[in-house]
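# Tertiary structure, described
Residues per chain, in single letters:
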Amino acid sequence: MRISKFLSRSIVLAVIGLITTTANAQNAEANLQALFAKSATESSGNREYVPTEENLQARKEFEQKRFGIFIHWGYYSMPGQGEWVLTRSNVPVDEYLALASAFYPSKFNAKEWIDLFKEAGAKYMCITSRHHDGFSMFDSKYTDYDIVDATPFKRDILKELADECHKQDFGLNLYYSHVDWYRDDYPTGWSANEYNNLKKHEGDYASYYKFMNNQLTELLTNYGKIGGIWFDGVFDHRRDSMDWHFPEQFDMVHKLQPTCLIANNHHRAIQYGEDFQIFERDLPGENKSGFGNAGGVSELPLETCQQIVNGSWGYHLNKMDCKSPAELIGMLISTAGKGANLLLNIGPRPNGTIPEPAAESLRGLGKWLDKYGETIYGTKAGDLSGQSWGSTTRKSDKLYVHITNHPGKDLYMPLDCKVKSAKMFIDGSPVKFDQWKHGIQLQLPDPADGEPVMVIELTTTTK
């Protein structure tokens, strides 16, 4: 299919059709989660992945960052119904494709985005270079279904973002979907069976695999240093266990950029070539979202992705209940307490701006990190996490106690280490405590007005 054949379609009719969602959307989501719940092991033969020293150093640096921004953005933002609008709205594919000819994010400004993300305290970002609808948010010579060739905008958004990230020394990772609802050579799977508006075809995986590798080569050659590739899409062939040939693809990525870290959102045990582990809408070791992680928690760097609004990754007009700064602070603390990075998702508007409620919450989080960032950045998992009162992070002999739910005058903490001193992190004022054989009891001061978290710094025997 070529995008030009759809340019004469009515944009108005397309938008009206797309905004009408189907009653089966929730059932489809439940079915997708059921697929993730099934564990399978993907063989990499007798290969052994041996990361280079450069790669190992990049992993260490990635772990230090602790907070990044996830961006789901494409022309699917136009109807304001999320990133799966093509399938979950069950609209004619031709009408969806027609929207591309009207996508013109006139207010997009890469510098404003990166300035905001840095103000929020983030250290890197990850953006959808290509989502499941197959549309590329960069200028690719291997398809005309991209931001430069298929839209009147004619600007390479990814290039502008990459240039600004490099200019401001801000990390850039890329999301890339292995699924494609657009190309005829992609072998359709679960999503085509689940949603009747998608065509079913056997495809030609050899052709599609070559296309993906050509695009990945473009991304890793034309856009400077890329910190990582965040792959997604295994869900589409979990039932038939299609051989995606990931080992060869991942080897290619590492050959092009040895420091580019790879993660694959498959919710299974770590596979050949992967450098960090993803947890979708969950903390490591938990399964509140229903996706789970059949392989448990690995020794690799960890990252959990969460939404700033509930229920959508892409821009959604009906889901604007943005999390407050206090909620984001609590989310970051609980994630760091598990030894993971928080990748916080935002869906930009179709005009290229960040919704103001999200921007305000990000600024509030940034103000807190200005004061307490030392207790988050560069830390490891704390001695205690997921407690009713909060969580802890550790940096050498410093144990940072983050109290998000003040328990009253006393707080008992079971600890194996000996505590030498305790003080309020913000001003250094001492905190009284009793040392017991298997822990300590802190005598807590009253919470300060306007402070969502009380942070106490313990100096301990090193773990």
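Residues numbered from 1 in each chain as written. Predicted model: local features only at pLDDT ≥ 70, side-chain atom pairs only at ≥ 80, totals over all residues. Heavy atoms only, no water.

## Description of the overall build of the protein chain
Looking only at helices and strands, the protein chain has 12 helices and 16 strands in total. The burial tally for the protein chain puts 56% of its 463 residues in the buried class. Taking the contacts inside the protein chain whose residues are at least 6 apart along the sequence as the reference set, 72% of them involve residues at least 24 apart. (Helix = DSSP H or I, 4+ residues; strand = E, 2+ residues; numbered from the N terminus. Buried < 20%, exposed > 50% of the residue type's maximum accessible area, 1.4 Å probe, protein only. Contact = heavy atoms within 4.5 Å.)

## Notes on the environment of Ala192
Its location among the elements puts Ala192 in helix H8 (residues 190–194). We classify Ala192 as buried; its relative accessible area is 2%. Between the C-alpha atom of Ala192 and that of Thr87, which follows or precedes it by 105 residues, the distance is 8.8 Å. Beyond its immediate chain neighbours, meaning those up to four positions away, Ala192 contacts Leu198, Lys199 and Lys200.

## A word on the nonpolar core
With 97 residues, the main nonpolar core has Phe67, Ile71, Phe117, Met125 and Ile229 as its most contacted residues. Here this core takes 8 residues from helix H9 (residues 205–222), the largest share from any one element. Discounting chain neighbours no more than four positions away, the residues touching Phe117 are Ile69, Ile71, Ala122, Met125, Phe170 and Ile354. One finds Leu384, Ile403, Cys417 and Leu444 within the second-largest nonpolar core, a separate group that totals 19 residues. (Core = buried A, V, L, I, M, F, W, Y, C linked by side-chain atoms within 4.5 Å.)

## Focus on the layout of surface pockets
Gaps left between atoms show up when a probe the size of a water molecule is rolled over them. What the second largest pocket holds in volume is close to 490 Å³. Within the residue set of the lining of the second largest pocket, elements represented by two or more residues are helix H3 (53–65), helix H7 (157–167) and strand S3 (171–177). If you tally residues by element for the lining of the second largest pocket, the top one is H3, at 6 residues. Residues belonging to the lining of the second largest pocket are distributed by class as follows: 7 nonpolar, 8 polar and 7 charged. (1 Å grid on protein atoms, 1.4 Å probe; cavity = no way out; pocket = protein on both sides within 12 Å on 5 of 7 lines; lining within 4 Å. Points joined across faces, edges and corners; volume = space filled by probe spheres on them. Nonpolar A, V, L, I, M, F, W, Y, C, P; charged D, E, K, R; others polar.)

## So, the packing of aromatic side chains
A full pass over the atoms with the stated rule returns 38 aromatic pairs. Seen from their ring centres, Phe138 and Tyr223 are 6.2 Å apart, and the 85 degrees between their planes marks the pair as edge-to-face. Residue Phe138 is found in the loop between strand S2 (124–130) and H7, and its partner Tyr223 is found in the loop between H9 and strand S4 (228–232); the two are separated by 85 residues along the sequence. Each ring, one from Tyr176 and one from Phe231, has its centre 6.4 Å from the other, and the planes form 80 degrees; the classification is edge-to-face. A residue pair is termed long-range when its members are at least 10 positions apart, and Tyr176 in strand S3 and Phe231 in strand S4 qualify at 55 residues. Here a set of aromatic residues connected by ring pairs shows up, and it is made of Tyr176, Tyr186, Tyr205, Tyr208, Tyr209, Phe211, Phe231, Trp244, Phe246 and Phe250. Positioned above the aromatic ring of Trp84, the side-chain terminus of Arg88 is 4.4 Å from the ring centre. In this structure, Lys123 is placed above the aromatic ring of Tyr377, and the distance from its NZ or CZ to the ring centre is 4.4 Å. (Phe/Tyr/Trp six-rings, centres within 6.5 Å; stacked < 30°, edge-to-face > 60°. Lys NZ or Arg CZ within 6 Å of the ring centre and 35° of its normal.)

## Re the sheet that holds strand S1 (residues 67–71)
A sheet is described by the order of its strands in space; here 8 strands give the open sequence S5-S4-S3-S2-S1-S8-S7-S6, paired in parallel fashion. Edge positions in the sheet fall to strand S5 (261–264) and strand S6 (277–280), since each of these pairs with one other strand and no more. In this sheet, adjacent strand axes meet at a mean angle of 25 degrees when their direction is disregarded. Two elements, S3 and S4, share 5 bridges in a ladder whose sense is parallel. Note on S4: the bridge partner recorded for Tyr176 is Phe231. (Pairing = 2+ DSSP bridges. Axes fitted to C-alpha atoms, helices over the stretch in contact; angles between N-to-C directions.)

## A few points about the pairing of strand S10 (residues 390–395)
Each regular strand carries side chains that alternate between the two faces of the sheet. For S10, the tally of buried residues reaches 5 of 6 residues, placing the bulk of the element in the interior. Pairing of strand S9 (residues 380–381) with S10, which is carried by 2 bridges, proceeds in the antiparallel orientation. Paired with Lys380 across the bridge in S10 is Arg394. Bridge count for S10 against strand S11 (residues 398–403) is 6 bridges, and the pairing is antiparallel. By the bridge assignment for S11, Ser391 is matched with His402. The hairpin turn running from S10 into S11, its antiparallel successor, is 2 residues long, and Ser396 in that turn takes a positive phi close to 60 degrees.

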